[in-house]
Each structure stands twice: as C-alpha cells, then as structure tokens.
Amino acid sequence: MFSSPDDVAAQLGAVGYLADTATATTVFLAAALERPVLVEGPAGVGKTELAKAVAQASGAELIRLQCYEGLDEARALYEWNYRKQLLRIQASAADAGADGVSWERTHEDIFTEEFLLTRPLLSAIRRDGPTVLLIDEADKTDIEVEALLLEVLSDFQVTIPELGTVAATRRPFVVVTSNATRELSEALKRRCLYLHIGYPTPRRERDIVLARVPGIAAQLAEQLVRTAAALRGLELKKAPSVAESIDWARTLIALGADDLDDAMTARTLGVVLKHVSDHERAVKELGLPALPD
Amino acid sequence: MGLIEHHTTFLAALREAGLAVSVAEGLDAVTAVRAVSLAEREQVRAAYAATVVKREVHRPVFDTIFDAYFPALRGLGEAVRRSDGSSAEPEPVRAVPAPWQVDDPVRLRLREELRDYLASGDERLAASIARDAVSAFGAMAGPVAGQPSWSRLSVLSRLSPQTLLAGLLAQLLGGRPDEEFSGRVVRSMIDARMQRFEHLVDADVRRRIAEQRGPDHVARSARPSIDRVSFGSATAAELAALRREVAPLARRLAARLAVEQRAGRRGQLDFRRTIRGSLSTGGVPLTTVHRPRRPAKADLVILVDVSESVLASARFTLMLVHALREQFSRVRTFAFVDEVDEVTRYFAPGTDVTDAVARLTEQARVTWLLGRSDYGRALHRFEQNYADAVGHRTSLLILGDARSNYGDLALPVLTRLADRAHAAHWLNPERRTAWDTGDSAASRYDAVVPMVECRNLAQLADFVKDLRL
C-alpha cells in the first residue's frame, strides 16, 4: 500500500490530510504489519478524517461502522432477512404441500447467501478489493461488542453457524477511533497499534487551515491559529479543535474579514466556543471587549 | 551493547517507570522498528510509541526514557547549522563554570538567537540554541573530578529569556499595541514557545547526564506519569495537566456508572412493543422489549477538610465529585477547618469549579479561632447545625488527613452519622505509611468509616470505580 512513512505523508498530503511524523509512521506500520490502528484524541482533531484520507489516497473503499450504545451483533456483523425467508417458506409450502422432503430443501434454501444481510464488519472482510474499515467511536459500545471486535480484528474471520467460517481474502486496513469516554479493554489495545492525535502545533495547524480553506490569507490564518492556541491554554469545557479552527476560518472569509482584531474575535467567538462558561472565561482571562449590542 | 540488549533494557526501563509493556508488545515493537528506517529517529520513536504506549498519559515518561536510550546526537553534536545556512563550530565545553559576565559574547549571541526563535517559532533554531546554551552554560563542577554535572537552572538564569519579553511583544503586535485581547494571545504564544525552549534545554541536559551516567540513571529519575503524580507535590505544569485530566475522568466514570445501571437491571417486559415488533417475523416475538428502569439516585454529602495541608488534594477530589454531579440527585458540600460551613452554593451547575474552590477558600466561614484543623469540633458543629443533611439515602464522603492536632476526635458523633447514612467513605490524601504517625488518628477513624489512601488520579479513579453509592 505504502512504501515508507514519508510516502504515507506524501500520499495523504495529496488528498489534503497533513500528517505529522507519528501519524504517518503509524499508518505505514498498520499497512505493513496488517494490524488495526486505534486512534484516540479529543473530538475534532481528525481521527475520522484520517481513515477517509487513507481510503482516498489508496483508492480503497471506506466501510464505516458507527458505534453506539446498544449496537449488537446483528447490526455490526450480519443478520438473516427474516421477511424474505418467511416469504420463501410460504411460497414453497404452497408449491409442494407440507411434506418432509420439501422442508429439508426449504431449510437448505433459506440459509443461503440470498438471505444474508451483511453488515459493515462482514462486508469489510468479504470484499476482494482494497478496503478501509472505520470503526468509529468504539468507546460508545458495550463490552460484548468489544469482545466481538477482538475476534474479528485478530483473525479477520467470522463464523456463521449456517454457512461456515468466512475468512478475509484480503485484510482490510482497520481504523478504530475512540474519544476515551471509556477505557477500552487491554486485550483490544494489545491487538492494535496505538496513535494519539492531539492538537497540532501552531505551524501545522496553520498549514491545515491554509490547505482546507482556500482563499484565506496567510496572515489571517496565523492570527487565527495563535488565538486558537491561546484559547486551548485556558481551562475550557470544550477546547476548540482543528475542525473549529477551519469553521472559524470559513466564517471570517464569509464575513470578508482580513484581520482578526479584538472586535472581530468578539463577534465570531461563538464559532469556536460552544459553552457560555467558556465564553465568560475567555472574556475574563484574555480581556476580550464586551460585545456591542 | 548489542541492539537486542539495548531494546530489552529500554523496555525494562519503561516497565520500571510504570508502563505495562507485555512480552507480545515488545515483540511487536521489534517488528515495527524493523519496518521503519533506523536512521530516522522520529520514525523509530513513533514505531515504539505505537506498539508499547497504549495510554496518552504515559507518553511524556516514554519520551523522556526514549530520549535517554536513543539520544539525538552524541557529545557536542556536529557543527550546528544556523538558520541562515552558514554553520558554526560548537562551543567547547567549559567544564568549570566560566565567570559570568553580562556582556559575554556567547551569551549575547544566544540571546539574540533566542529572540529570533521566540518571534518566529522555528523549531530547528530552538534545538540548536538549546544545545549551544547547555554547552556554554550548563556545566557545573560535578561530584566526580573532571566530569561536569549539568544543570538547566544555570542555563536559564544566564540566558534570562524573561527579559526579552517586552521588546518582543511590541515587535509582534506591530501597529496596534493597545488591543488587550490580541496582546494576551501573542503573550500566550510566546509563553508556549518559551516553555518549548525550556523543555528542549531539559532534554539536552538529560541527554548529557545519560551519556555520562548511563540512560538508566535518567530513567530512574524521570517524573512519574501524570496519573501517579501526588496531588500534594505536583509542579505548576503538572497541576494544570491534572486539572485537564479531571473532566475526562469524570466523563469516563459517569459513562461507566450509567452503563452499569442499565445493564443487568432490565425493567418490566414491555408487552405491547414486543408484540408489535414481532409482526415482521410472523408473530414470533424474537426480540423482547423492556421498559427502562428508573435509576435510583443517591444523595451525596461531602465533608471536606480545607486546611492548608490537604487543600491541594481536596481541590481535585472536589472537582471530580462535582463533575459527577449528574449521577446524584443532590450533592451537598460542607467545608471545615475547625468550623463547618455549607459551601454547596459555590458549586451551582454551570459555575466553574476552579473559581468555586478559590472563592470557597476565601469566603467560607471555616475557621473559628485557631485555623488549625479540629475534627472533633468540626464534627460536633456539623451534627448540631446540619444533622438533617444525612439520611438513610445519603452517601457520606469525608476528605481529609485525619490530623486533628491532638484534639478531641468526636468518634461517637462520627459513628452516629455513619450509622444513619446509607454508606460512608473516607479519602485520605496521606501515604498509608504516614497514617497514625504524629497527630494522625487515621486508624481510629478508619474503624468507624472505611478509609482509603487517595493521593493521585489513579487512586481516585480506582476509588470511584469501586464505589457503590
């Protein structure tokens, strides 16, 4: 997939994802060693984006499993299409009467490919083409699903009682993301490479903003990134992330601002800070002028 | 030393520093390191980090030890490249501290370069300044004759970067020095760069020590990871990091408590929804639907010792407890030294906990006469004034070191309170080995209310995890 960490950085850069050395190296290792990679970090620093960028850069299809509380095997792996099976049973009963032989045949009929609904995990394993499997927000699932993930991620195979074992012909590139609302199990962590994406350095963030928001002046991007870094230094409930910096840059462009002075910051602070208490703190600690009515 | 041996001693040092590196992860690390180019140090670092560090809080310790075992350069390093492309010879080490002069040309040049770095943020420049500055000013006469010892303090005091600030601010703010907000933003940017520079000096000092005394010496003296740092002895930077850790910790614990409440305690069968759901499977109720059970929330009453000696740890525990507020139907907080005052009002929803603790220590009436903690008097007064706070649904949580200055302990009062409460716990910020020394009445209180040592985030997390409220 990739020939070296530098190659990863170049290819991801070509699709607009600026990876630092740690990210590029870990992605390279994940591809080279065929290991899943667990990506942690605050919301909005580009964990999900990383999976999308890898898919785009390597021409792979992205299959996404969004995790949530109450996610079960049927929604993650596969289930049988009951309705269609029922229809088939009723149809064959009408054809042949209710004798044993036809029941045997019906039974064989209704547990076949035709009635299998594959869900993301199974789809990713069965695909022949290059695949990126994104297991998003794995910390939201219950322990049972995590155990299921363990099995799938270590052997890349799934056993379906009626069909047998389905093993991957081509291992997907797996990205597991987590916001660390819950500590994932040691077993899962052991099977994965670990990557923590934090807030970028101001220099890298400026490059990201310049790359993602066409038409922004370097000077304005610099000011914006500086302000975002200062806000992150405060103790906020929700510190601004890269995603918010990009939103902010777009807002400033839309407003036609070419300079981020105090008044403009005060007007647009709502784009980056989403809590009242955070606003108050920023105003107090950084001496923002009160908003004119 | 062979490569394999180097690898295994490195892993051993990591384990000693508290990282749980399994054998399998060690093998993974070997495979990973072989896949990247050994000449690229940052790639080797990333490869090790991806395979052996599985928690972000361990990352700083890992980096310190990695730097000691895989130094960026040896000795004085190659001729240092300047940002303008020319190269300068490294300064010779002055094993004996040179008499310090304000107009020392090396000092002036380094200060000039430091100014450039603070203005531009050029990382490579910063690294080279740090290296040169440690060479020039870091050496002190060490314990072994002829072998200098290295010190960050002597480097920073001679460069005195703080005195560069004023000029820089004016330069960076350009045409509009009167804007307060922009001014502070620029200032915080310079501060961040300054910190970065100090960090580089630290790293270079450590590298030289590692070269002299072996990497394991540095590994042993590395600060513990943030979840093992004691609340009482944390540095300013660590305090900030600790405060940042409290909110996610609370979120994690709350999420876990909520999940546990749901799991295993399903409510009644919801007959109507089960039958309706079964229509799609031909009337066979394949999945049963249950009504959610209403969570039984407990009251929480916190009694917190805010005398000087325990305030640092009380602050963190309070932050956590209040972040967990939604898990309780009602939280009432009482602070005491030798007088008790209810301080719940400082922690109204939406207020900033850092502020709240600060205001609490300023405004609450917690000292009566002496200002030394008097558990006996505090407990008596609590029972007198707020007896109704503790009922059969209340969990009582006491935070304090149980040092009552040899005064009355009021054990019967505490026994009455603990009996009345649904559950009672005591968190003691002192090391267990210090309990019962001096005026500590730890074990006598422990006999009434179970006491737990709680001096760092890891212990606090463990306590809340096992807590049944």
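Now for a quick tour of the structure. Treat the numbers as computed from the prediction; the structure is a model and nothing was measured. (Residues numbered from 1 in each chain as written. Chains lettered and ligands numbered in written order. Predicted model: local features only at pLDDT ≥ 70, side-chain atom pairs only at ≥ 80, totals over all residues. Heavy atoms only, no water.)

1. Details of the overall build of chain B
No. 1: Of the regular secondary structure elements, chain B holds 18 helices and ten strands.
No. 2: By residue count, 49% of the 469 residues in chain B fall in the buried class.
No. 3: A sequence separation of at least 24 residues applies to 69% of the contacts in chain B between residues at least 6 apart.
No. 4: Total accessible area computed for chain B in this model is approximately 23000 Å², and 54% of it derives from carbon and sulfur atoms. (Helix = DSSP H or I, 4+ residues; strand = E, 2+ residues; numbered from the N terminus. Buried < 20%, exposed > 50% of the residue type's maximum accessible area, 1.4 Å probe, protein only. Contact = heavy atoms within 4.5 Å. Areas by Shrake-Rupley, 256 points an atom, 1.4 Å probe, with all protein chains shown as cover.)

2. Quick look at the pattern of salt bridges
No. 1: One pass over the structure, following the stated rule, counts 39 salt bridges over all chains.
No. 2: Two residues, Glu114(A) and Arg88(A), come together in a salt bridge whose shortest N-O distance is 3.8 Å. With a gap of 26 residues between them, Glu114(A) in the loop between α6 (100-110) and β4 (116-118) and Arg88(A) in helix α5 (residues 82-96) connect regions that are remote in the sequence.
No. 3: Judged by relative accessible area, Glu114(A) falls into the partly exposed class, the value being 44%.
No. 4: Several salt bridges share partner residues, and in doing so they unite Arg41(B), Glu42(B), Arg45(B), Arg59(B), Asp63(B) and Asp67(B) into one network. (Salt bridge = Lys/Arg side-chain N within 4 Å of Asp/Glu carboxyl O.)

3. Things to note about the interface of chain A and chain B
No. 1: Contact with chain A, which involves 43 residues of that partner, is made by 45 residues of chain B.
No. 2: Buried area between chain A and chain B, summed over both chains or domains, comes out near 3800 Å², and the portion from carbon and sulfur atoms is 54%.
No. 3: For the chain A face of the interface with chain B, the top three residues by lost area are Tyr194(A), Arg226(A) and Glu235(A), together amounting to 16%.
No. 4: Applying the counting rule to chain A against chain B returns one salt bridge.
No. 5: A salt bridge links Asp28(B) to Arg35(A); its shortest N-O distance comes to 2.9 Å.
No. 6: Contributing elements (two or more residues each) for the side of chain A that touches chain B: α1 (5-14), α2 (21-33), α5, α9 (186-191), β9 (193-196), α11 (218-233), α13 (262-268) and α14 (276-286) of chain A.
No. 7: Of the residues forming the side of chain A that touches chain B, the biggest block, seven residues, is contributed by α2(A).
No. 8: Across the side of chain A that touches chain B, the residue classes tally to 15 nonpolar, eleven polar and 17 charged. (Buried area = accessible area lost by both parts, 1.4 Å probe. Nonpolar A, V, L, I, M, F, W, Y, C, P; charged D, E, K, R; others polar.)

4. Let's talk about the pairing of strand β9 (residues 423-428) of chain B
All names here are of chain B.
No. 1: With six of six residues buried, β9 is to be regarded as a mostly interior element.
No. 2: Residues Ala-423, His-425 and Leu-427 of β9 are buried on one face, and the alternating residues Ala-424, Trp-426 and Asn-428, pointing to the opposite face, are buried as well.
No. 3: For strand β8 (residues 394-399) and β9, the ladder comprises five bridges, and the chain directions are parallel. Bridge pairing in β9 places Ile-398 opposite Trp-426.
No. 4: Handedness of the crossover joining β8 and β9 through helix α16 (residues 411-420) is recorded here as right-handed.
No. 5: Two elements, β9 and strand β10 (residues 451-453), share three bridges in a ladder whose sense is parallel. Bridge pairing links Asn-428 to Glu-453 in β10. (Pairing = 2+ DSSP bridges. Right-handed = clockwise from strand over helix to strand, strands pointing away.)

5. Digging into empty space enclosed by the protein
Residues and elements named next belong to chain B.
No. 1: A full pass over the atoms with the stated rule returns four cavities of 30 Å³ or more.
No. 2: Volume-wise, the largest cavity comes out at about 100 Å³.
No. 3: Considering the residues around the largest cavity, the lining is formed by 13 residues, among which Val-321, Leu-397, Phe-463, Val-464 and Leu-467 are closest to the centre.
No. 4: For the lining of the largest cavity, the class distribution of residues is twelve nonpolar, one polar and no charged. (1 Å grid on protein atoms, 1.4 Å probe; cavity = no way out; pocket = protein on both sides within 12 Å on 5 of 7 lines; lining within 4 Å. Points joined across faces, edges and corners; volume = space filled by probe spheres on them.)

6. So, the sheet that holds strand β1 (residues 37-40) of chain A
The strands that make up a sheet are held in pairs by hydrogen bonds between backbone atoms, and each pair lies either parallel or antiparallel.
Residue and element names in this part refer to chain A.
No. 1: Taken in spatial order, the five strands of this open sheet run β2-β5-β8-β1-β9, and their pairing is parallel. Each of the sheet's edge strands pairs with one partner strand only, and the pair in question is β2 (61-66) and β9. Taken pair by pair, the neighbouring strands of this sheet meet at an average axis angle of 20 degrees, ignoring direction.
No. 2: With six bridges connecting them, β2 and strand β5 (residues 131-136) associate as parallel partners. Looking across to β5, one finds that Leu-65 is bridged to Ile-135.
No. 3: Against the sheet, helix α3 (residues 47-58) contacts β1, β2, β5, β8 (173-178) and β9, and its axis sits at roughly 170 degrees relative to β5. (Axes fitted to C-alpha atoms, helices over the stretch in contact; angles between N-to-C directions.)

7. Examining α2(A)
Residue and element names in this part refer to chain A.
No. 1: A rise of 1.5 Å per residue sets the reference length of α2, with its 13 residues, at 18 Å; its end C-alpha atoms lie 18 Å apart and thus fit the reference within 8%.
No. 2: Every buried residue of α2 is listed here: Thr-23, Ala-24, Thr-25, Thr-26, Val-27, Phe-28, Leu-29, Ala-30 and Ala-31.
No. 3: Trailing α2 by a residue or two, Glu-34 shows a phi angle of about 55 degrees, which is positive. (Expected span 1.5 Å × (residues − 1).)

8. Topic: the packing of aromatic side chains
The relation between two aromatic rings is expressed through the spacing of the ring centres and the mutual angle of the planes.
No. 1: Applying the stated criterion to the full structure yields 18 aromatic pairs over all chains.
No. 2: An angle of 70 degrees between the planes, with centres 6.1 Å apart, marks the rings of Phe10(B) and Phe66(B) as edge-to-face. Of this pair, Phe10(B) sits in helix α1 (residues 3-16) while Phe66(B) is found in helix α4 (residues 59-69), placing the two residues 56 residues apart along the sequence. Each member of the pair, Phe10(B) as well as Phe66(B), carries the same accessibility label: buried.
No. 3: Taken together, Phe10(B), Tyr48(B), Phe62(B), Phe66(B), Tyr69(B) and Phe70(B) form an aromatic cluster joined through their ring pairs.
No. 4: When the ring centre of Phe115(A) is taken as reference, the NZ or CZ atom of Lys84(A) above it lies at 5.8 Å. (Phe/Tyr/Trp six-rings, centres within 6.5 Å; stacked < 30°, edge-to-face > 60°. Lys NZ or Arg CZ within 6 Å of the ring centre and 35° of its normal.)

Spatial relationships are all this shows, so hold off on functional conclusions.
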